[in-house]
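# Observations on the three-dimensional arrangement
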Amino acid sequence: MTDTAMNIQRDARVHARDGEVGRVKHAVVDPQTKEVTDLVVCDGNSEWLIPMSTVERVDGDRITLRADRAAVASGMSYNRDHYQDIDGEQARDESARRAVQGGAPLLDADDNQIEVGAPSGQPAPAARNTAPSRPPTAPPPNGGQSVSRLQLREEELRARKEKVQAGTATLRTEVVEEQRTLDVPLRHEEAVIERHAVTARPADGPIVADGETIRVPLMEEHAILEKETVVTGEVEIDTRTVQDTERLSGVVRREELEVEEKGDVRRAGGTNERNRPDHR
């Protein structure tokens, strides 16, 4: 807790170490010590009690906690039926008392904000009168006697989901060698020699001593093996979301009331609304 007074505004944004958790809707005040014990924070769906001991600092309409969102979500839920409303003037009238438990005393309050101070080792400034005067409130039904309160608490199970990597699907190609045979038709030229009888006629020239030679080239086709890479198919991979149900179980604790009476103790029946903690 900081050593200076903090002004906490209604609907102030509350940020944990890893992100925003909600907005301030109420403040819980101990009716005996006048300490602000908890802030009621709402995320739009649920409301939690966040102890003032987790508040690290207040900057205008931003409150920073010294906890992460998981710790906040695992805290106690807020049940309005367990608390008693007080108006702004009553809160200001009672804020002149000093906290005695070493927490954050309520210094001042109105409809939209509260001011809490340093731990009880430091003096509390006088409350500001920031609201118009109202008729005095009626005396408490118990004649002004102090009321002692004991909170009954219990733990609740909550599930928080987070995404983790469950596995990896990998596609890869593998090179496989195989022997293939390719039949290629080839052509080649052969010499065809034919002799024909002709009618005698004068020759083009005399007979030479070495004779006469004629050369005719013979052609043929040769096969040359080449390779070409072609696409023979395609494979696609995608993901889809499948919903399963997982059952979680855990051990929770709760507090039950045990009354031990010694001597002449008289117990009154019924439920007294003043036995509930105050909230703003």
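Residues numbered from 1 in each chain as written. Predicted model: local features only at pLDDT ≥ 70, side-chain atom pairs only at ≥ 80, totals over all residues. Heavy atoms only, no water.

With 24 residues, the main nonpolar core has Ile8, Leu39 and Ile63 as its most contacted residues. Ranked by residues supplied to this core, first place goes to strand E3 (residues 19-29) with four residues. In this structure isoleucine 63 touches Ile8, Ala12, Arg13, Val14, His15, Val24, Leu39, Val55, Arg57 and Val58, once residues within four positions along its chain are discounted. Val28, Val40, Leu49 and Tyr83 belong to the second-largest nonpolar core, a separate cluster that totals five residues. (Core = buried A, V, L, I, M, F, W, Y, C linked by side-chain atoms within 4.5 Å. Buried < 20%, exposed > 50% of the residue type's maximum accessible area, 1.4 Å probe, protein only. Helix = DSSP H or I, 4+ residues; strand = E, 2+ residues; numbered from the N terminus. Contact = heavy atoms within 4.5 Å.)

Each strand in a sheet pairs with another by means of backbone hydrogen bonds, the pair being arranged parallel or else antiparallel. What the three strands build is an open sheet, ordered E1-E10-E9; its pairing is antiparallel. Edge strands, defined here as strands with exactly one partner in the open sheet, are strand E1 (6-9) and strand E9 (106-109). Between one strand and the next, the sheet's axes are offset by a mean angle of 20°, whatever the strand orientation. (Pairing = 2+ DSSP bridges. Axes fitted to C-alpha atoms, helices over the stretch in contact; angles between N-to-C directions.)

Here the focus is a nonpolar patch on the surface. Taken together, the side chains of Leu150, Leu152, Leu257 and Val259 define a hydrophobic patch exposed on the protein surface, amounting to about 410 Å² of accessible area. Structurally, leucine 152 is set in the loop between strand E10 (113-116) and strand E11 (278-279). Given a relative accessible area of 46%, leucine 152 falls into the partly exposed group. (Patch = residues over 30% accessible without salt bridge, like charges linked within 9 Å, V, L, I, M, F, W, Y side chains within 5 Å. Areas by Shrake-Rupley, 256 points an atom, 1.4 Å probe, with all protein chains shown as cover. Salt bridge = Lys/Arg side-chain N within 4 Å of Asp/Glu carboxyl O.)

Here aspartate 11, not a glycine, exhibits a phi torsion of approximately 70°, which is positive. In this structure, aspartate 11 sits in the loop between E1 and strand E2 (13-16). You can call aspartate 11 partly exposed: its relative accessible area is 33%.

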